[in-house]
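Coordinates in review
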Amino acid sequence: MEKLRSEIRAAFEREQAAHPPITALRQNVVATVNAHRRPTRNFQWVALTAALVLGILVVFGLMSTRFARHATMQAHPQSSPVASPLADYGPPPAGVPLVYVQDPRHDGWLIGFDWAGKPRGTVKMPQPLDTNRMSQAPDGSVFGISPNGKGGYTEFLDVQGNRIPMDPSLSDWPVNANLIWADDGQHLCGIWYSPRGWALITRLATKSPTSVPVAIDPDGAIVRSGVIGVSVVACSIRSDRAIITRDVYGAEEHIWLVRISDGKILSHRTYAANQLSNIVASPDGALIVEDSAKASGQIAQAAPSTIIRRTSDMSVVLTLDASIGVIGFNSDNTMALVYTSPWASGVATHMALVEVPTGKVLWRYDGSQEFAGFLAQPNGKDFAVMLKGTADSTMHPSVSVVLVRSDGSTTVIPGSYVHL
Amino acid sequence: MKRTETGELDFDALIGPHLESGYRTALAILQNPDEAHDAVQESALKAWRKLHQLREGSPARPWFLAIVANQCRSERRKHWWSVIRMPEVERIDHEFRTENVDIDRALATLPREDRLALFLYFYLDLPLEEVGAVLGVSPGGAKTRVYRAAKKLRPGLEMD
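Described below are features of the structure shown in this document. A quick note: this is a predicted structure, and the numbers were derived from the prediction, not measured. (Residues numbered from 1 in each chain as written. Chains lettered and ligands numbered in written order. Predicted model: local features only at pLDDT ≥ 70, side-chain atom pairs only at ≥ 80, totals over all residues.)

Notes on the overall build of chain B
- The secondary structure content of chain B amounts to nine helices and zero strands.
- The N-to-C order of helical and strand elements in chain B reads α-α-α-α-α-α-α-α-α.
- Scored against the burial criterion, the 160 residues of chain B give a buried share of 36%.
- Looking at chain B alone, contacts between residues at least 24 apart form 58% of all its contacts between residues at least 6 apart. (Helix = DSSP H or I, 4+ residues; strand = E, 2+ residues; numbered from the N terminus. Buried ≥ 20, exposed ≤ 12 C-beta atoms within 10 Å, placed from the backbone. Contact = placed C-beta atoms within 7 Å.)

Following this line, the structure appears as structure tokens:
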């Protein structure tokens, strides 16, 4: 015990020696305390007046803080779209990744902004075009149209607004398969069930897919449950990995790491029901996130933390407070966009940018707008975050676009636009 | 208990000698000198406001250090996120297995309440009565806390 005592003492001494107290600690603290004389009963009215003044100052201070935040984050806080500063930026440049939003003044016009926030092109979609759910490829090189809003793309358009001819065999494939863009920005991936079993499908946008069986439900329990909720959340053509999840409220949740080329299940992880609110993956499938159900505001018992794991060995990369939910990662997985208050419709979303290796918070958003979507910069580090008014519940809300840099700086793109 | 000429308790005489211990305790908990200085400053103000609660004859040191510890706990709770870095090092159960442990690293990875117990007892050399007063437990409870914390550093440890 004595040896341990001296070791512990020496360790604390080394720690303390590195950060000694300031030389005049006692004088400074005592002087500060003396400046805060404890009120006596005879001067209660002074305390009351001071409290009132302080209260007013605090209220004004809080209001000014909010005004300041709005000034930086809400260049156009109004809920209805305003005219874009320019109308037609011409054909988008080839090979430049762009972030697209709809021009509120012209139906079917999409404006593409580069990652410096400059408008670089206008795409004029053919009309009439049912764009209930249109999404851009990660780099903006092609647009997928999903009329039924269930993720199955029935047609694609190029940046000239021309329909891309589809492989005829695609008509045999289910349009409802929930497809996501792969990390190469070219392929789409999805999971589909047929009487022959589950299959992971991968295809170039308009080409006939390849399909491999995946044994995620060998005894058929998931299918028999009636609520399937199975989807691909990450698809990496580059690393030949896909992440499939079963994410259903009230049921056991699953994560499968699958090799795309042959459908082999490389790892499988399960979670008790109602512990997680969401399972998120990085686009390359290298990281997964177990968002605690606490992050969605669940009061009942839930996972005690939100955890980011490496899929290679399921080791923990970062543990976050259970109230935090990860929204997504940037392209090199060094940054995570997180929400710090439950993400709910009609409520302002508080967000932050967190450096994954260190957990350092680089940017926070505590404004009054609601998160409406994001894009990660292809082959870069930044995010484009869409914010909308909390009262705007339309399918294509009016949004402002904020480019959030990996150093925590932001660029607000002037104007309000319509979300794709 | 020392009082000023006006009859008020003399803050400098009562708490002044313990401000450095307060800072060092805050540093041991928060492990950040700036936060530790802020914590001891805030604790001093709270102590000043509550000075009348300090009973005649009661030792001021554990009373003040308890305020500091509570202030540090509040500061920790204010952090809306917590981070546990997972460096590419061997796992903790391996690290603590041999006598050749890196004591600095082992202490740094201990839970804060365990660190506090060890700090008060081994570094500040407080008697168990005062350790208990700071931790809010009885002297017997303080002894158990110190022992359990030390046992995390040396699993085979037997209490003297």
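Side note on the interface of chain B and chain A
- In this assembly, 36 residues from chain B lie in contact with 33 residues from chain A.
- Looking at the side of chain B that touches chain A, the elements with two or more residues in it are α1 (11-15), α2 (19-30), α3 (33-49), α6 (103-109), α7 (112-123) and α9 (139-153) of chain B.
- Considering every element that reaches the side of chain B that touches chain A, the biggest residue donor is α3(B), with eight residues.
- Tallied by class, the residues present in the side of chain B that touches chain A amount to 24 nonpolar, four polar and eight charged. (Nonpolar A, V, L, I, M, F, W, Y, C, P; charged D, E, K, R; others polar.)

Describing the sheet that holds strand β11 (residues 230-236) of chain A
Residue and element names in this part refer to chain A.
- If you walk across this open sheet you meet the four strands as β11-β12-β13-β14, and the pairing is antiparallel. Lying at the two open borders of the sheet, with one neighbouring strand each, are β11 and β14 (265-271). Between one strand and the next, the sheet's axes are offset by a mean angle of 15°, whatever the strand orientation.
- Bridging between strand β13 (residues 253-259) and β14 involves six bridges; their strand directions are antiparallel. Bridged to Val 258 within β14 is Ile 265. (Pairing = 2+ DSSP bridges. Axes fitted to C-alpha atoms, helices over the stretch in contact; angles between N-to-C directions.)

Here we look at the packing of α7(B) against α9(B)
Residue and element names in this part refer to chain B.
- Where α7 meets α9, the closest approach of the two axes is 9 Å, and the angle between their N-to-C directions is 110°. The orientation of α7 relative to α9 falls into the category roughly perpendicular. When α7 is examined against α9, the residues Asp 114, Ala 117, Leu 118 and Tyr 121 are found in contact with a partner set consisting of Arg 145, Val 146, Ala 149, Ala 150 and Lys 152.
- Partitioned by chemical class, the residues of the contact of α7 with α9 number six nonpolar, no polar and three charged. (Parallel < 35°, antiparallel > 145°, perpendicular 65-115°, else oblique.)

A short note on the pairing of strand β15 (residues 276-281) of chain A
All names here are of chain A.
- With six of six residues buried, β15 is to be regarded as a mostly interior element.
- Of the pairings in the sheet, the one linking β15 to strand β16 (residues 287-292) comprises five bridges and is antiparallel in character. Across the sheet, residue Asn 278 finds its bridge partner in β16, namely Asp 291.

Brief notes about α7(B)
Residues and elements named next belong to chain B.
- With nine of 12 residues buried, α7 lies mostly within the body of the structure.
- Taken together, the buried positions of α7 are Arg 115, Leu 116, Ala 117, Leu 118, Phe 119, Leu 120, Tyr 121, Phe 122 and Tyr 123.
- The first or second residue beyond α7 is Asp 125, which carries a positive phi of 60°.

Some remarks on the sheet that holds strand β7 (residues 180-181) of chain A
All names here are of chain A.
- Read across the sheet, four strands follow the order β7-β8-β9-β10 without closing on themselves; strand pairing throughout is antiparallel. Sheet topology places β7 and β10 (210-213) at the edges, where each strand pairs with a single neighbour.
- Pairing between strand β9 (residues 197-204) and β10: four bridges, direction antiparallel. Counted as the bridge partner of Ile 201 is Ser 211 from β10.

Examining the nonpolar core
- If you look at the biggest cluster of nonpolar residues, it comprises 94 residues, and the most contacted ones within it are Cys189(A), Ala242(A), Ile243(A), Ile244(A), Val338(A) and Val401(A).
- Ignoring sequence-local partners within four residues, the contact set of Ala242(A) consists of Cys189(A), Leu200(A), Val232(A), Ala234(A), Cys235(A), Val258(A), Ile260(A) and Gly285(A).
- Counting residues in each nonpolar core, the second largest holds 49 residues, with Val33(A), Ile15(B), Ala26(B) and Ala47(B) among its members. (Core = buried A, V, L, I, M, F, W, Y, C linked by C-beta atoms within 7 Å.)

Some remarks on α9(B)
- Along its 15 residues, α9(B) runs 22 Å from first to last C-alpha, staying within 8% of the 21 Å computed at 1.5 Å per residue.
- Among the residues of α9(B), Ala142(B), Arg145(B), Val146(B), Ala149(B), Ala150(B) and Leu153(B) are the ones counted as buried. Summarising the axial view, the buried residues of α9(B) lie within an arc of 125°, below the 170-degree limit, and thus occupy one face.
- Those residues of α9(B) that are buried lie in contact with α1 (2-18) of chain A together with α6, α7 and α8 (128-135) of chain B. (Expected span 1.5 Å × (residues − 1). Arc of directions from axis to C-beta.)

Any functional reading would require information that these geometric values do not contain.
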